[in-house]
Amino acid sequence: MTYNSTTKKFLNPNLTTLQPYVPGEQTQENIFIKLNTNENPFGPSPNVLKTIKEFLNLSGQSLRLYPEPESDSLRNALAKRYSCKKENIFVGNGSDEVLSLCFLAFFANRGLLSFPKLTYSFYPSIANLFNIPYERFPLNENFELDLNKIPSEANSVIFPNPNALTGIILKRKTIEETLQKNYQKLFIIDEAYADFSDQSCVGLVNKYDNLLITQTFSKSRGLAGLRIGFSFGNEKLIEALTSVKNSFNSYPVDKIASIAATSALENDEWYKDKIKQIKTNKNFLSGELQNLGFRVLPSSANFILITHNDYSGLELKNTLMRDKILVRHFEHQDISNWIRVTIGTLDECTSVLDCLKKKIA
Ligand SMILES: Cc1ncc(COP(=O)(O)O)c(C=O)c1O
């Protein structure tokens, strides 16, 4: 963004070079098959919808009052579900907000931050906003994270597991070894997609003082529209995060979001079944695309990153767009020939396949 000198003199100087994160397109038209922002094709469970409807049928009195400032009811429900204490949990308005508050609480004014070269592109935007110096660490030739490449001077590290963009997961054992070796660095592991994999590092937060985990209700629990994210960490880190939150917005989670998320936690079996269906659809789509000559990275998330030798990423994206299928193409030079496809219903995956088959035939 460029500003003229009149405006510039009123701005935080960081804004003159800020490149805000650009989210995938949110179309209001239902004519698209929307596979560009890793939303869940099944949405929330019927019980969650019932809870919301019952709440809305109550008198407006319940909306007259502020919600719980520390989201205690939801934190208690999360503590029960994840077998930890409420004091180990922080809740915010989507994990993007939780991440932003973490950057402010743990990365700002603490020297060098490091994150992978290819990853969630929100991280550099927040770092720039808060003036946090950062250095990216490279991935290996198979697009896997190599934690040995984290710069020794970094005081803090953040990466998603599975990694956003690629879907590739790092083993918990590798992460634990890194936490032990680098006990003086603070690590945040962004587990937005962990429910689609078979592992999580949540169980490690009481063992390692240098670890925080963030998760979200947007992906595996189909509630992207309600904006609920959460974080696990030792009590002292959570206290620090809470004090930053209270200096910024005392009530980040509204009442509807809070009761819906609590209700979602009571429907684990329903969500597990939907996750299973998403994995089945992912295996189907990945296998068929490989038969068509695509390279598909091994994903432990609800999306796949794919490429074809004969077509550019932009060409593939535009081909799908003509059939009203939205996917994500990134300009980053290392993946400009790739597109990321969110795993939808079986019908949606079949539409992707049919469209690409037509192109390749
Ligand atoms: C790696 C990663 N972290 C966090 C988020 C943000 O999730 P939320 O909807 O909870 O803000 C996303 C969203 O796409 C993501 O890909």
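Residues numbered from 1 in each chain as written. Predicted model: local features only at pLDDT ≥ 70, side-chain atom pairs only at ≥ 80, totals over all residues.

Asker: Report on the domain arrangement of the chain, specifying residues and quantitative values.
Answerer: When cut into domains, the chain gives domain 1 (7-44 + 268-360) and domain 2 (63-265). Each of domain 1 and domain 2 has a C-alpha centre, and the two are 23 Å apart. Contacts between the two partners involve 30 residues from domain 1, matched on the other side by 26 residues from domain 2. The set of elements that each furnish at least two residues to the side of domain 1 that touches domain 2 consists of α10 (268-291) and β10 (303-307). A per-element tally of the side of domain 1 that touches domain 2 places α10 first, with four residues. For the side of domain 1 that touches domain 2, a count of residues per class yields 16 nonpolar, 10 polar and four charged. (Domains from an automatic or database assignment. Contact = placed C-beta atoms within 7 Å. Helix = DSSP H or I, 4+ residues; strand = E, 2+ residues; numbered from the N terminus. Nonpolar A, V, L, I, M, F, W, Y, C, P; charged D, E, K, R; others polar.)

Asker: Lay out the pairing of strand β3 (residues 113-116) in plain terms, naming residues and giving numbers.
Answerer: One ladder, built from four bridges, connects β3 with strand β4 (residues 134-137); its direction is parallel. Residue pairing across strands places Ser 114 opposite Glu 135, the latter belonging to β4. Read from β3 through helix α6 (residues 122-129) to β4, the crossover connection turns out right-handed. One ladder, built from two bridges, connects β3 with strand β5 (residues 156-160); its direction is parallel. Residue pairing for β5: Leu 113 is matched across the bridge by Ser 156. (Pairing = 2+ DSSP bridges. Right-handed = clockwise from strand over helix to strand, strands pointing away.)

Asker: Kindly report on helix α4 (residues 72-81), identifying the contributing residues and their values.
Answerer: Inspection of α4 places Leu 74, Arg 75, Ala 77 and Leu 78 among the buried residues, and these make up the whole buried set. End-on view of α4: buried residues confined to an arc of 160°, all on one side of the axis. Packed against the buried residues of α4 are β2 (89-92), β8 (229-232) and α9 (255-265). In the segment just after α4, Ser 83 is the residue with positive phi, at about 50°. (Buried ≥ 20, exposed ≤ 12 C-beta atoms within 10 Å, placed from the backbone. Arc of directions from axis to C-beta.)

Asker: Can you explain the site of the ligand? Please cite residues and give values.
Answerer: In the neighbourhood of the ligand, 13 residues make up the surrounding shell, with Gly 94, Ser 95, Asp 96, Thr 216 and Ser 218 lying closest. Split by residue class, the shell around the ligand holds five nonpolar, six polar and two charged. (Near = placed C-beta within 6 Å.)

Asker: Got a sec to walk through the packing of helix α5 (residues 94-107) against helix α8 (residues 235-246)? Specific residues and values, please.
Answerer: Orientation of α5 relative to α8, taken along the N-to-C sense of each, is 110°, at an axis distance of 9 Å. Judged by the inter-axis angle, α5 sits roughly perpendicular to α8. For α5 against α8, the interelement crossing comes out right-handed. Facing α5, whose interface residues are Leu 101, Cys 102, Leu 104 and Ala 105, α8 presents Ala 240, Leu 241, Val 244 and Lys 245. Taken together, the residues of the contact of α5 with α8 sort by class into seven nonpolar, no polar and one charged. (Axes fitted to C-alpha atoms, helices over the stretch in contact; angles between N-to-C directions. Parallel < 35°, antiparallel > 145°, perpendicular 65-115°, else oblique. Left-handed = near helix turned anticlockwise from the far one by under 90°.)

Asker: I'd love a proper account of unusual backbone geometry, names of residues and values included.
Answerer: The omega angle of the peptide bond from Asn 161 to Pro 162 is 0°, so this bond is cis rather than trans. Its place among the elements puts Pro 162 in the loop between β5 and α7 (172-181). Positive phi is not limited to glycine here, since Phe 143 has a value of about 70°. Note that Phe 143 resides in the loop between β4 and β5.

Asker: Provide a residue-level description of α5, including the pertinent values.
Answerer: Between its first and last C-alpha atoms α5 spans 19 Å; for 14 residues at 1.5 Å apiece the expected length is 20 Å, and the two agree. Most of α5 sits inside the fold, with 12 of its 14 residues counted as buried. Among all positions in α5, only Gly 94, Ser 95, Asp 96, Val 98, Leu 99, Ser 100, Leu 101, Cys 102, Phe 103, Ala 105, Phe 106 and Phe 107 are buried. One or two residues past the end of α5 sits Asn 109, with phi positive at roughly 60°. (Expected span 1.5 Å × (residues − 1).)

Asker: So what's going on with the environment of Phe 217? Which residues, and what values?
Answerer: In this fold, Phe 217 is placed in the loop between β7 (211-216) and β8. A residue is classified by how many C-beta atoms lie within 10 Å of it, and Phe 217, with 26 of them, is buried. The sequence separation of Phe 217 and Thr 242 amounts to 25 residues, and the corresponding C-alpha distance is 20 Å. Contact partners of Phe 217, with chain neighbours within four places excluded, come to Leu 223, Leu 226, Ile 228, Ala 261 and Ala 264.

Asker: Which residues make up the sheet that holds strand β9 (residues 295-296), and what are the values?
Answerer: As summarised here, the arrangement of the four strands in space is β9-β10-β13-β12, forming an open sheet in which the pairing is antiparallel. Among the strands making up the open sheet, the edge pair consists of β9 and β12 (328-329). Relative to β10, β9 is paired through two bridges, and the arrangement is antiparallel. Bridge assignment links Val 296 to a residue of β10, and that residue is Ile 306. Of the strands in this sheet, β10, β12 and β13 (338-342) touch helix α11 (residues 313-322), which is tilted by about 40° from β13.

Asker: Run through the nonpolar core, naming residues and quoting values.
Answerer: Core analysis: the biggest nonpolar cluster contains 85 residues, and Cys 102, Ile 228, Ala 261, Ile 306, Val 341 and Val 352 have the highest contact counts within it. Shared between two domains, this core takes at least three residues from each, and those domains are domain 1 (7-44 + 268-360) and domain 2 (63-265). If near-sequence neighbours (up to four positions away) are discounted, Val 352 is found in contact with Leu 35, Leu 285, Leu 320, Ile 325 and Val 341. (Core = buried A, V, L, I, M, F, W, Y, C linked by C-beta atoms within 7 Å.)

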